[in-house]
Amino acid sequence: MPELNRRTFFKGAGVLAATVVGAQVLVACSSDDVRGYGGEPRTLPIPPADLGTREGSSVHFALEAQTGESQILPDVTTKTWGFNGTHLGPTLVVKKGDDVHVDVINNLDEMTTVHWHGMKLPAIADGGPHSPIGPGQTWSPTWTVANDAATLWYHPHTHGLTGLHAYRGLAGMIIVEDEATDKLDLPREYGVDDIPLVLMDHRFLEDGSLDEEDLPDLGLLGDTPTANGITNAHFDATTRRVRFRVLNGSNMRFYNLAFSDTRTFQVIASDSGLLDEPQDRTTLAIGPGERWEIVVELEPGEDVTLESVGFEDNYGVPDDEFVPDFGMSDSFQLLTITGPSDDAAQAPALPGVLVKSTEPDVIDATERTFIMNTFSINDLQMDMQRVDVVIDHDQPEVWIVTNDNSDWPHNFHVHDARFKVLKFEGTDVELFNDGWKDTVGLPPGATATLAVEFGHYPDPQWPYMYHCHMLYHEDQGMMGQFVIVEPGDEPAAVLGSGTGSSIDSAGGHAH
Ligand SMILES: [Cu+2]
């Protein structure tokens, strides 16, 4: 157990903060307490697949943000938020090329927004902090799906309140399908052998309600892991091969996925779609906002557990009294699994090639640097009316992103984009960063060189975001804005609807 009194030193930020971390989080961060927490196993809930209302390639969805009550813990009632239900949201299924229309209806009593994480789309439809949806209002974005097949997700992006809204349960998955992927022999029967797995973590008060107090420096880091909204979830497989679409929807927690018997599994897709070829792994780090699709082979009747095993190197975070405990060494079970019956058919060999290799052309690319430190990027905190980057072309760019903190983890997410990690330096932590991604983990000191390919929808008025996806960091201002314009154009004098920066009055404690 760590000591009771700890101080946090913000290295390089010129800030020295003394904080006492309550006994609660220390219990939270003890892996003995976390493992097995949550009572008797319950069947893994599968969020309903929502195919929308389709006419040809035009598909219409309705998402209603609402309050409700759920049993995250068995036999304990917890007030939660959800879309079209009491907790979390349906899995939206779309095809590349679809014209998507969504009515997002806010039946909460405070303002929220909904962002389509990983989607390339016009900024006015992106659902960032400039697109507040007041109580009782409906927001109706529309766009054409340009993404290849991938597992994306949607969640609020409310200025200063993203973490809290997601923590209460406003999150859901998006599955993008395309023709090439449909032809591959991969598990694709939703809820049968193609399983969405939304990982989150929570803390609870004694009365069963969510503990919504931000911990010093750690925000809404939870002590209790959940899968698709419940603790201690169990999955009874009916096939020998199962594909899990794993989404880390947590505010602050990084998981290090592994199976209890350290078996090898195959990674088939990163944030933004299929890898060129399946890759064998025994562990796989997944930070807040990231997705991985993995395939695991199961023997009939066997029991195995998907776990998060502590990062051996503590993710490069110094393990001493001056540094907050980000939970990087915590271990716990995420999902217990039982293999299929004896008569389950043998699975064929996985395809050796999943997708034709694509590499961004970054010769003569525009290079930009981003220095992340504590709650700032390039020494600046989020300003709703400041443009940090103007992009006036449709070519990929090279973004060099450094975590300048020596003792804090960060990660980096870019809207309307996918990127490849060209170089990863400055840390001994080895992360698997294959494939196209939209979020990259950054251990202390790490520098990631990214080849970034943007969706090209020039609009001088509406900005996109880049930010740390550790949501407490984002909400504390660790975010910047970029605008995509026609060559030679300037951003508009007033961004968004011009009302976005005064959303404090619409509710919440935006700063
Ligand atoms: Cu951060």
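Computed from a predicted structure; not experimentally measured.

**Overview of the coordination of the copper ion**
Step number 1: Listed as protein donors to the copper ion are His410 (ND1), Cys468 (SG) and His473 (ND1); their distances from the metal cover 1.9 to 2.1 Å.
Step number 2: Written as a sequence motif, the donor residues of the copper ion are H-x57-C-x4-H. A residue pair is termed long-range when its members are at least 10 positions apart, and His410 in strand E30 (residues 410–414) and His473 in helix H5 (residues 471–475) qualify at 63 residues.
Step number 3: On the accessibility criterion, His410 (0% relative accessible area) is buried.
Step number 4: Look at His473 and you get buried, because its relative accessible area is 0%.

**Things to note about the sheet that holds strand E13 (residues 150–155)**
Step number 1: Strand order in the open sheet formed by five strands is E4-E8-E14-E13-E10, and the pairing between neighbours is mixed. One side of each edge strand has no neighbouring strand; the edge strands of this open sheet are strand E4 (49–50) and strand E10 (115–117).
Step number 2: Bridging between strand E8 (residues 91–95) and strand E14 (residues 172–177) involves four bridges; their strand directions are parallel. Looking across to E14, one finds that Val94 is bridged to Val176.

**Focus: a negative patch on the surface**
Step number 1: On the surface, a cluster of negative charge is made up of Glu312, Asp313, Asp428 and Glu430.
Step number 2: Relative to the helices and strands, Asp313 resides in the loop between strand E24 (303–308) and strand E25 (332–338).

**A short note on the UniProt feature "domain: Plastocyanin-like" (unreviewed entry) in the protein chain**
Step number 1: Residues annotated in UniProt with the feature "domain: Plastocyanin-like" (unreviewed entry) correspond here to residues 67–180 and 358–485.
Step number 2: The straight-line gap between the two end C-alpha atoms of residues 67–180 is 39 Å; of that span, 7% is helix and 38% is strand.

**A word on the environment of Phe375**
Step number 1: Position of Phe375 among the secondary structure elements: in the loop between strand E26 (367–373) and strand E27 (376–377).
Step number 2: Separated by 173 residues in the primary sequence, Phe375 and His202 place their C-alpha atoms 23 Å from one another.

Parameters at a glance
Residues numbered from 1 in each chain as written. Predicted model: local features only at pLDDT ≥ 70, side-chain atom pairs only at ≥ 80, totals over all residues. Heavy atoms only, no water. Donors = N, O, S within 2.8 Å, 3.2 Å for Na, K, Ca; no water. Helix = DSSP H or I, 4+ residues; strand = E, 2+ residues; numbered from the N terminus. Buried < 20%, exposed > 50% of the residue type's maximum accessible area, 1.4 Å probe, protein only. Pairing = 2+ DSSP bridges. Patch = residues over 30% accessible without salt bridge, like charges linked within 9 Å, V, L, I, M, F, W, Y side chains within 5 Å. Areas by Shrake-Rupley, 256 points an atom, 1.4 Å probe, with all protein chains shown as cover. Salt bridge = Lys/Arg side-chain N within 4 Å of Asp/Glu carboxyl O. Lys, Arg positive; Asp, Glu negative; His and termini not counted. Charge placed at Lys NZ, Arg CZ, Asp CG, Glu CD. UniProt positions renumbered as here; feature names shortened; annotations may be inferred.

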